[in-house]
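Observations on the model geometry
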Amino acid sequence: AQTVTQSQPEMSVQEAETVTLSCTYDTSESNYYLFWYKQPPSRQMILVIRQEAYKQQNATENRFSVNFQKAAKSFSLKISDSQLGDTAMYFCAFIPFTGGGNKLTFGTGTQLKVEL
Amino acid sequence: GAGVSQSPRYKVAKRGQDVALRCDPISGHVSLFWYQQALGQGPEFLTYFQNEAQLDKSGLPSDRFFAERPEGSVSTLKIQRTQQEDSAVYLCASSYGAHQSSYNSPLHFGNGTRLTVT
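Residues numbered from 1 in each chain as written. Chains lettered and ligands numbered in written order. Predicted model: local features only at pLDDT ≥ 70, side-chain atom pairs only at ≥ 80, totals over all residues. Heavy atoms only, no water.

Section: the pairing of strand 8 (residues 75–79) of chain B
All names here are of chain B. Just so we agree on the cut-off: Classification of residues uses two cut-offs on accessible area relative to the type maximum, computed with a 1.4 Å probe and protein chains only: under 20% is buried, over 50% is exposed, and between them is partly exposed. Secondary structure elements follow DSSP: runs of H or I no shorter than four residues count as helices, runs of E no shorter than two count as strands, and numbering proceeds from the N terminus. Pairing between strands is defined by DSSP: at least two bridges between them are needed.
Within strand 8, four of the five residues are buried, leaving the element largely enclosed by the surrounding structure. Bridging between strand 3 (residues 19–24) and strand 8 involves five bridges; their strand directions are antiparallel. Counted as the bridge partner of Arg 22 is Thr 76 from strand 8. In this sheet, strand 8 lies alongside strand 7 (residues 65–68) in antiparallel orientation, the contact comprising four bridges. Within strand 8, the residue paired with Glu 68 across the bridge is Thr 76. Between strand 7 and strand 8, which pair antiparallel one after the other, the connecting turn spans six residues, and Gly 72 there sits at a positive phi close to 75°.

Here's what the structure looks like:
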């Protein structure tokens, strides 16, 4: 079974600053995908960024980037130039490549607040 | 449609009542998922459909939970004899491909149904 741990229940950052959200996971799988999802008050889960475990290069999407450390089973999200619209709950999620890959395992989330 | 649509947005049920939650996925999407999100938690997998076939229902917490997708499009999650522990947000998601983790087939989530059992 896989587990995903987010040890920061809440974080805050000033607008335009940079913030890093932590995520660790535990798995015996060798190939898998990792995701960061954003959930605003509307409740809709929105994909922020994704990373394939077999790729060495860290994924980047505009202001969002990850620091993927496979050996340490760590997958942190860095948000640069934080904006008020980034205020949301952020979930780290894992899915194995084998076995149909149909079950996302989510962490418990980090509530991020961007302040003026 | 433009996105995944779920209804109702809110549902209040008295303990013991049956409820039905609807999910209308993006047109043409093969895969459909249901997740349950308790307050303060991340979503947890309930069940997965590929077209009309329910390929995985391992996450359904009890036999009071039943899901169907008879024509391979709209899906209904039914909860019989609701209990207080069923209170949660129920999220539906769909994807174009048959394999969720495909890089070209990301999940699209709806806004969920918040179920409160009193």
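Here we look at the environment of Gly 72 of chain B
Residues and elements named next belong to chain B. Under the convention used in this document: Note on contacts: a residue pair qualifies if any of its non-hydrogen atoms lie within 4.5 Å across the two residues.
Looking at the element boundaries, Gly 72 is found in the loop between strand 7 and strand 8. Sequence separation between Gly 72 and Val 30 is 42 residues, and the spatial gap between their C-alpha atoms is 7.5 Å. Here Gly 72 is in contact with His 29, Asn 51 and Glu 52, once residues within four sequence places are set aside.

Quick word on the side chain of Ser 82 of chain A
Residues and elements named next belong to chain A. Tracing the backbone shows Ser 82 in the loop between strand 9 (74–79) and strand 10 (88–96). Taking relative accessible area as the criterion, Ser 82 reaches 1% and is therefore assigned buried. If we skip the residues at most four places from it in the chain, Ser 82 touches Val 13, Gln 14, Glu 15, Ala 16, Glu 17, Thr 18, Val 19, Arg 63 and Val 114.

A word on the sheet that holds strand 7 of chain B
Residue and element names in this part refer to chain B. Heads up, the rule is: Note on definitions: angles span 0 to 180 degrees between N-to-C directions of axes, and those axes are lines fitted to C-alpha atoms, for helices only across the stretch in contact.
A sheet is described by the order of its strands in space; here four strands give the open sequence 1-3-8-7, paired in antiparallel fashion. At either margin of the open sheet sits one strand with a lone partner, and together these are strand 1 (5–7) and strand 7. Adjacent strand axes in the sheet meet at a mean angle of 15° when their direction is disregarded.

Focus on the interface of chain B and chain A
Our working definition: Any Lys or Arg side-chain nitrogen located within 4 Å of an Asp or Glu carboxyl oxygen qualifies as a salt bridge. Any pair of nitrogen or oxygen atoms within 3.5 Å is treated as a polar contact; in protein, a donor-acceptor pairing is required on top of that, and neighbouring residues in sequence qualify only through side-chain atoms on both sides. Gly is placed with the polar residues, together with every amino acid not listed as nonpolar (Ala, Val, Leu, Ile, Met, Phe, Trp, Tyr, Cys and Pro) or charged (Asp, Glu, Lys and Arg).
Listed as interface residues are 28 residues of chain B and, on the opposing side, 24 residues of chain A. The interface formed by chain B and chain A includes one salt bridge. Lys 103 of chain A serves as the salt-bridge partner of Asp 56 of chain B, at 3.7 Å between the closest nitrogen and oxygen. Seen at the junction of chain B and chain A, the total is eight residue pairs in polar contact (both at pLDDT 80 or more). Elements with a contribution of two residues or more to the side of chain B that touches chain A: strand 4 (31–37), strand 5 (44–50), strand 9 (88–95) and strand 11 (113–117) of chain B. For the side of chain B that touches chain A, the per-class residue count stands at 13 nonpolar, twelve polar and three charged.

Geometric descriptors of this kind do not, in isolation, establish any biological role.
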